[in-house]
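# Remarks on the overall topology
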Amino acid sequence: MNLIWHIIKKDLRRFRLPISIWAFACAIVLKLNLDSALSVNARVPTTGQEATVLSTMAAFMLSVALLGWIVQEDSLATPGAFWQSRPISGGQLLAAKSLLVFVLLVFLPTLVDHACLRWQHSDLFSSHAFISFGSGLFSLTAIMLYGMAIAAATRDNGSFVLGAIIAIGSYLGPPVAGILLNHPAAPPASAIFTSIAVIGTGGAAALLNQYLRRRTRLTFVILGATIIVSMLVCQLWKLPLPALHR
Amino acid sequence: MNMIETHNLSRVFGRTEAVRDLSLVVPKGSVCALLGPNGAGKSTTIRLLLNHLAPTSGEALVMGVDSRSLGPDEFAQIGYVADNQNLPLWMTVRQLLDYCRPFYPSWDTALEKTLLARFALPENRKLRNLSRGMLMQAALVSSLAYRPKLLVLDEPFSGLDPVVREDFVRGVLEVSTPGDWTVLVASHEIEEVERLADRVALLDGGHLRLNETAEALQARFRRIEVALERDATPPQSVPSGWLGLECAGSLVSFVDSRYERNATERACRERFPEAAVTARPMTLREIFVTLARAGFKSEKGIAA
């Protein structure tokens, strides 16, 4: 555990500047969201929506870049990376990176975001608030695992961002195409939940394979298969399964 | 016991065979020089040994463990310094050592201080701002301070000036206890390697051409000069171990790669009766150059 904390401290020192900028961007997003929620409560016309969208996108992009930097600081796809000839196991590295990314990019932002918004709505400790917090945490963790796996299988931040864009495009492509073709059929919540669970599970499998066995090609195969299965899960509800069963 | 042992180790990149059927043995306590021209497969061999690359076929055992299974227990006893090593350049020298220390149970802080003082490294300067020589020295300190049982050096002298090379070799020699540790050093800088190595492995085109002690190698290589009374003409046939035969006036010279005093003199007299034969010992560098000029191709000629 000491060595895992030692690696985390090294990464925090390495990325202190981008982390500070990212935290600042997150604070701006939170402030704008709170203002927006306040104006809705007070039945005042919403202002600054563009600023909210822009700052949210900036914070999201910084989160993605930060995730890539943290994972690729100790590269798995580059033969001969510094850690590979040191007594550091893939398991230790995976534990350190996962813990840092989860706490920094998933848990803390979700907690702060939900706490502030729920506090604003005065239902901080309601069951609805806990469910909302849990589902937010679940979705972000699944996305984080998948994103970490892409970062672990790519050599630099450019390749990672490209991989992330391909993954997001593949996942969101069919629904967006449906909307553009005026067939905006949204899948039910259970299908979305299952699809996100598939992404998280596939991401975790790819991550374990990459960190423990360093088989990059297999990692890409798992990542590709995960996207295909999650897309199918999102489309399955459209099939007349009960009719087929009969 | 052998510290390094490979059996028919091969690695293919696309259509290029970087290493072919390599069967190399480095006994414990030896300092083995891995020599060879550019593209011979030296760095690939080292990367295969350290599990930076997976072999296409064959296997490599490092400290008795399959290279694919090397873990923290083994790496805690292996030091690695390479010309093209990926170091965390954003760290200062002090931060690098502070980061590495907790991973090694055998880290010797006194030795770390001694090495830092020997190399006069600026502790608070970032690695990216160090000169090439200082960077290699910082890497060496971080790889020697835990007294590794196996030290692997890949082109450590490349691009270093003579003073830094001298310091580097001295630093390595300072830590070494004969028989206690094993060193594998791949380099073009044969003079520096000659001071360290007691064993030589010669790679060419991914093939291992030689693997024997430096003493045995130097014992069987001699530059032979045959002085004749009249102008020399090349003999019709020469033993396969004679390399680079040249005739200049009344002097015939060549390198005998299987020198044995009586046998060599007899072979000379058969071809050049009444001639005076002198045999001169050769340095590793001279042997390497002779073999390179012979194209490393006459395997029968250079093997013991």
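Our focus in this paragraph is the sheet that holds strand E15 (residues 276-281) of chain B. Residue and element names in this part refer to chain B. Pairing in this open sheet of 4 strands is antiparallel, and the strands run E13-E14-E12-E15 from one edge to the other. Of all strands in the sheet, those with a lone pairing partner are strand E13 (242-248) and E15, marking the two edges. For this sheet, the mean inter-axis angle between neighbouring strands, taken without regard to orientation, is 15°. Bridge count for strand E12 (residues 222-227) against E15 is 6 bridges, and the pairing is antiparallel. Each bridged residue has a counterpart across the sheet, and for Val226 the counterpart in E15 is Val277.

Turning our attention to the environment of B:Ser187. Residues and elements named next belong to chain B. Looking at where Ser187 falls in the secondary structure, it is placed in the loop between strand E9 (182-186) and helix H7 (190-196). Distance from Ser187 to Leu202, taken between C-alpha atoms, is 11 Å for residues 15 residues apart in sequence. Setting aside anything within four residues of it in sequence, one finds Ser187 in contact with Leu34, Leu35, Lys42, Glu155, Pro156, Phe157 and Val193.

Interface size is commonly expressed as the accessible area that is lost once the parts come together. Counting residues at the interface gives 19 residues for chain A, matched by 27 residues for chain B. The junction of chain A with chain B conceals about 2200 Å² of combined surface from both sides, 60% of it contributed by carbon and sulfur atoms. Contact with chain B buries area across many residues of chain A, yet A:Phe82, A:Arg86 and A:Pro87 alone supply 32% of it, more than any other trio. Linking chain A with chain B are 0 salt bridges, by the criterion used here. The tally of links between chain A and chain B comes to 6 residue pairs in polar contact (both at pLDDT 80 or more). Taken together, the residues that form the side of chain A that touches chain B break down as 7 nonpolar, 6 polar and 6 charged.

Here we take up the pairing of strand E10 (residues 199-204) of chain B. Residue and element names in this part refer to chain B. Burial analysis of E10 places 6 of its 6 residues in the buried class, the great majority of the element. For strand E4 (residues 31-35) and E10, the ladder comprises 4 bridges, and the chain directions are parallel. Across the sheet, residue Leu35 finds its bridge partner in E10, namely Leu202. Bridging between E10 and strand E11 (residues 207-213) involves 6 bridges; their strand directions are antiparallel. Within the sheet, the bridge partner assigned to Leu203 lies in E11 and is Leu208.

For chain B, the assigned domains read domain 1 (2-213) and domain 2 (222-281). For domain 1 of chain B and domain 2 of chain B, the distance between their C-alpha centres works out to 40 Å.

How two aromatic rings sit relative to each other is given by the distance of their centres and the angle of their planes. According to the stated counting rule, one finds 10 aromatic pairs over all chains in the structure shown. Here the aromatic rings of B:Tyr104 and B:Trp107 are separated by 5.8 Å at their centres, their planes lie at 40°, and the arrangement is tilted. Comparing B:Tyr104 with B:Trp107, the two get one shared label, buried. Among the aromatic residues, those joined into a ring-pair cluster are A:Phe102, A:Phe107 and A:Phe133. Between the NZ or CZ atom of B:Arg271 and the centre of the ring of B:Trp242, over which it lies, the distance is 5.4 Å.

This paragraph deals with the sheet that holds E9(B). Residues and elements named next belong to chain B. Taken together, 6 strands build an open sheet; the order of strands is E7-E8-E9-E4-E10-E11 and the sheet is mixed. Taken across any chain shown, the strands that pair with only one partner, and hence form the sheet edges, are strand E7 (78-82) and E11. Each strand of the sheet is rotated relative to its neighbour by a mean of 10°, with strand direction disregarded.

Parameters at a glance
- Residues numbered from 1 in each chain as written.
- Chains lettered and ligands numbered in written order.
- Predicted model: local features only at pLDDT ≥ 70, side-chain atom pairs only at ≥ 80, totals over all residues.
- Heavy atoms only, no water.
- Pairing = 2+ DSSP bridges.
- Helix = DSSP H or I, 4+ residues; strand = E, 2+ residues; numbered from the N terminus.
- Axes fitted to C-alpha atoms, helices over the stretch in contact; angles between N-to-C directions.
- Contact = heavy atoms within 4.5 Å.
- Buried area = accessible area lost by both parts, 1.4 Å probe.
- Salt bridge = Lys/Arg side-chain N within 4 Å of Asp/Glu carboxyl O.
- Polar contact = N/O pair within 3.5 Å; in protein donor to acceptor, adjacent residues only side chain to side chain.
- Nonpolar A, V, L, I, M, F, W, Y, C, P; charged D, E, K, R; others polar.
- Buried < 20%, exposed > 50% of the residue type's maximum accessible area, 1.4 Å probe, protein only.
- Domains from an automatic or database assignment.
- Phe/Tyr/Trp six-rings, centres within 6.5 Å; stacked < 30°, edge-to-face > 60°.
- Lys NZ or Arg CZ within 6 Å of the ring centre and 35° of its normal.

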